Amino acid sequence: MTSYAEFHRRSLQDREGFWAEQAALIDWQQPFTQVCDNSRPPFTRWFVGGTTNLCHNAVDRHVAARGAQNALIFVSTETNQERVYSYAELHAEVQRMAAALLELGVKKGDRVLVYMPMIPEAAFAMLACTRIGALHSVVFGGFASVSLASRIDDAEPTLIVSADAGSRGGKVMPYKPLLDEAIQLSRHKPAKVLMVDRGLAPFTRVAGRDEDYAPLREKHLHAQVPCEWVEATHPSYTLYTSGTTGKPKGVQRDTGGYAVALAASMKHIFLGNPGETYFSTSDIGWVVGHSYIVYGPLIYGMATIMYEGLPIRPDAAIWWSLVEKYKVTSMFSAPTAVRVLKKQDPAALKKHDLSSLRALFLAGEPLDEPTAKWIAESLGRPIIDNYWQTETGWPILALCNGVEKAASKFGSPGKAVFGYDVKLFDENTGAELTGANQKGVVAIEGPLPPGCMQTVWRDDERFVKTYWNSIPGRSVYTTFDWGIRDEDGYFFILGRTDDVINVAGHRLGTREIEESISSHANVAEVAVVGVADPLKGQVAMAFAVLKDPGKAATPEMALKLEGEIMKVVDEQLGAVARPARVRFVSVLPKTRSGKLLRRAIQAVCEGRDPGDLTTIEDPSALQQVKDLVAG
Ligand code: AMP
């Protein structure tokens, strides 16, 4: 058995040989002629000259050997449905969807925006897009009209696939009115909207634009739509994520590199085997849903569970009952979900036979020690933290137990994953920190491995400027996270270096929330910061200066105004972005040059020392925040 240290070393020193071997995990139509072309950094091209197709690798290639085996297991505790699609059935469904997209005018290279709840048709739509060489752009169903409109304008989709409604905790959440409003707000108007009618919420149709999926599916019941062979470097999708500025970035992913990276991760990190069952509790609107609900497990010939509902409804045993029923071998969730379960009856975990489970993988936010201990003890199965980002598409730090078993350390997502040359840098001087336990910015020396972002959609300059020019004097990819590495090569992640916050595993830009709050007629200025929270990891806290402070003169009036502002955020961005509190101050803490002192506000909210305040314009501003927090 190769040691992991040797495996990792080879992935960097013999990049070509290493990745050529991993590339054999997927099917190619035309073999590639060059493994890695890094002649124009940071625009690395992987598997140049090769042609392949993501949908072929996820679906078609398994039909002969495992056509009757489970491919997609859909469970909704919202609508009480459970539907299992075999690989052969999935193949048929994806072709029906692909035929519908083609009939509605979608062509190779076009974008298709997917705004859907967690239903099988969402996965069919994603696979149908990559089948025909169109790019999907999935927008999380919890986002509201303004968030959606900005993504429509950036992706300029030919078509949008949506549904009448989602459901959460038994409450129907209509999607169509939000979509109609978003299209109204956007400059770009999609030619067609394809609607999956679940019969949950009646909706109106725009003549000539909106099409129902059911009759189209019926029409194309026996459709045979061949996979479009595309260059390995052909973009497969864009996925929007938050950064420092208010405008979300479209992370653009390739085809061949992504398929290879996912297959390699299933084998070496996620301990999967073809024919087994994988269960990721994420949502298709996030990167985990792309990589580890849809593509990763399917590319590896596994069955994947798609779950619509809460982890505690009908009771806290629901996920574990699915593990038992479908003999799940690998499960992927987020610390927030574990913290929710922790508040419930721990006996729920003991009710089911979990012996099939090799490990529970957790990612998306820091895994605190009490949560890690509780779930490890309750499950009696290994817990494996892993750290990555929408941008990378698959783990940067993890334990690659498929290569060599390693002990985990509480609070650490593990070591650098194969293909990633992870380094730490001093943010001010750009010096590399090579010693143990030094805090620095976590960065990756290029080229990034296969599967990572190619660029920012239609904005190469932003890609270079944002990610590759942030550390003085260095051309390295920055993660925008602080971290340290111990003497054994284990990393510890210590939070973001930028204005991105992480609420219940959801990544949000504080600037986006500030922009939304500022649209309220009475808000002159606002600062939003992320504050530590025992359940959600972080919550957003807003401090606003009012144009007319009289409107918040009494506690009752302030509370009413706070409610109004929260409603604005709900309607524009979605409830995921709603701040926990909106407080009113007469002035915001700023430097003399007018820069908002967000970190000082955050420190005060968390009861920490705000640090050096010599540049503050008006010290009483921070005192106001202090008083509000204390009160
Ligand atoms: P996203 O792009 O939504 O996946 O968010 C990525 C960010 O989430 C990272 O930059 C980290 O700040 C945080 N994150 C993800 N996984 C972990 C982890 N295992 N431990 C600590 N932070 C994490």
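Before reading further, recall that the structure is shown in the block above.
How each quantity is defined
Residues numbered from 1 in each chain as written. Predicted model: local features only at pLDDT ≥ 70, side-chain atom pairs only at ≥ 80, totals over all residues. Heavy atoms only, no water. Salt bridge = Lys/Arg side-chain N within 4 Å of Asp/Glu carboxyl O. Buried < 20%, exposed > 50% of the residue type's maximum accessible area, 1.4 Å probe, protein only. Pairing = 2+ DSSP bridges. Helix = DSSP H or I, 4+ residues; strand = E, 2+ residues; numbered from the N terminus. Axes fitted to C-alpha atoms, helices over the stretch in contact; angles between N-to-C directions. Near = heavy atom within 4 Å. Polar contact = N/O pair within 3.5 Å; in protein donor to acceptor, adjacent residues only side chain to side chain. Areas by Shrake-Rupley, 256 points an atom, 1.4 Å probe, with all protein chains shown as cover. Nonpolar A, V, L, I, M, F, W, Y, C, P; charged D, E, K, R; others polar. Core = buried A, V, L, I, M, F, W, Y, C linked by side-chain atoms within 4.5 Å. Contact = heavy atoms within 4.5 Å. Phe/Tyr/Trp six-rings, centres within 6.5 Å; stacked < 30°, edge-to-face > 60°. Lys NZ or Arg CZ within 6 Å of the ring centre and 35° of its normal.

Our next topic: the pattern of salt bridges. Side chains that carry opposite charge are capable of pairing whenever their charged atoms lie near each other. Under the defined criterion, the tally for this structure stands at 42 salt bridges. Among the salt bridges present, the one from lysine 551 reaches aspartate 548, with a minimum N-O distance of 3.5 Å. Judged by relative accessible area, which is 34%, aspartate 548 ranks as partly exposed. Taken together, the salt bridges that share partners define one network made up of Lys176, Asp180, Arg209 and Asp210.

The 7 strands are arranged β5-β4-β17-β16-β18-β19-β20 in an open sheet whose pairing can be described as mixed. A single partner strand is all that each edge strand has here, and the edge strands are β5 (81-86) and β20 (383-385). Recorded for the sheet is a direction-independent mean angle of 20 degrees between the axes of neighbouring strands. Across 4 bridges, the pairing between strand β16 (residues 277-280) and strand β18 (residues 328-333) is parallel.

All right, on to the site of the ligand then. Around the ligand sit 14 residues, and of these Asn386, Thr390, Asp481, Arg496 and Arg507 come closest. One of the side-chain N or O atoms of aspartate 385 is found 2.9 Å from a nitrogen atom in the ligand. When the ligand sits alone it has 490 Å² of accessible area, and the protein chains cover 92% of it. Here the residues of the shell around the ligand sort into 4 nonpolar, 5 polar and 5 charged.

So, about the nonpolar core. Burial of nonpolar side chains together is a common tendency in soluble globular proteins. One finds Trp19, Phe47, Leu127, Tyr292, Trp394 and Phe418 to be the most contacted residues of the largest nonpolar core, which totals 121 residues. At 9 residues, helix α5 (residues 120-132) tops the list of elements feeding residues into this core. Once residues within four sequence positions are removed from consideration, tryptophan 19 is found in contact with Ser11, Val35, Trp46, Phe47, Val260, Ala261, Ala264, Trp394, Phe418, Gly419, Pro449 and Pro450. If you look at the next biggest cluster of nonpolar residues, it comprises 31 residues, including Ile318, Trp319, Val323 and Ile383.

With that settled, consider the sheet that holds strand β31 (residues 537-546). Pairing in this open sheet of 3 strands is mixed, and the strands run β30-β31-β32 from one edge to the other. Either end of the sheet is taken by a strand with one partner, and the two such strands are β30 (523-533) and β32 (581-585). Neighbour-to-neighbour, the strand axes of this sheet turn through a mean angle of 25 degrees, independent of strand direction. Judged from the 5 bridges that link them, β31 and β32 form a sheet pairing that is parallel. Looking across to β32, one finds that alanine 542 is bridged to valine 582. Sheet contacts for helix α16 (residues 555-572): β30, β31 and β32; angle to β32, the most-contacted strand, approximately 125 degrees. Here helix α18 (residues 619-630) sits on the sheet and contacts β31 and β32; the angle it forms with β32, its principal contact strand, is near 135 degrees.

Let us look at the environment of lysine 171. With respect to the secondary-structure elements, lysine 171 resides in strand β10 (residues 171-174). Take lysine 171: its relative accessible area is 56%, and that puts it in the exposed class. For the pair lysine 171 and glutamate 78, spaced 93 residues apart in sequence, the C-alpha separation works out to 8.3 Å. Residue contacts for lysine 171: discarding those within four places in its chain leaves Glu78 and Gly166.

A few words now on the environment of glutamine 81. By secondary structure assignment, the location of glutamine 81 is in strand β5. Classification of glutamine 81 as partly exposed rests on a relative accessible area of 30%. The sequence separation of glutamine 81 and glutamate 308 amounts to 227 residues, and the corresponding C-alpha distance is 9.4 Å. Beyond its immediate chain neighbours, meaning those up to four positions away, glutamine 81 contacts Phe74, Val75, Ser76 and Arg198.

On to the packing of aromatic side chains, then. The full count for this structure, using the stated rule, is 38 aromatic pairs. Both rings, one in phenylalanine 270 and one in phenylalanine 332, keep their centres 5.6 Å apart while their planes meet at 35 degrees; by these two values the pair is tilted. With phenylalanine 270 in the loop between α9 (256-268) and β16 and phenylalanine 332 in strand β18, the pair connects residues that are 62 residues apart, well separated along the chain. Here phenylalanine 270 and phenylalanine 332 have matching classes, each one buried. Members of the aromatic cluster, each reached through a chain of ring pairs, are Tyr4, Phe7, Phe18, Trp19, Trp28, Phe32, Trp46, Phe47, Trp394, Phe418 and Tyr420. Sitting above the plane of the phenylalanine 143 ring, arginine 151 keeps its charged end 4.6 Å from the centroid.

Right, let's talk about unusual backbone geometry for a bit. For the peptide bond that leads from arginine 313 to proline 314, omega is 5 degrees, which places it in the cis range. Within the secondary structure, proline 314 sits in the loop between β17 (303-308) and α11 (318-325). Here the residue pair glycine 446 and proline 447 is connected by a cis peptide bond, since its omega of -5 degrees sits within 30 degrees of zero. In this structure, phenylalanine 47 takes a positive phi of about 60 degrees despite not being glycine. Inspection of the secondary structure assignment puts phenylalanine 47 in strand β2 (residues 45-48). For phenylalanine 47, a relative accessible area of 0% corresponds to the buried category.

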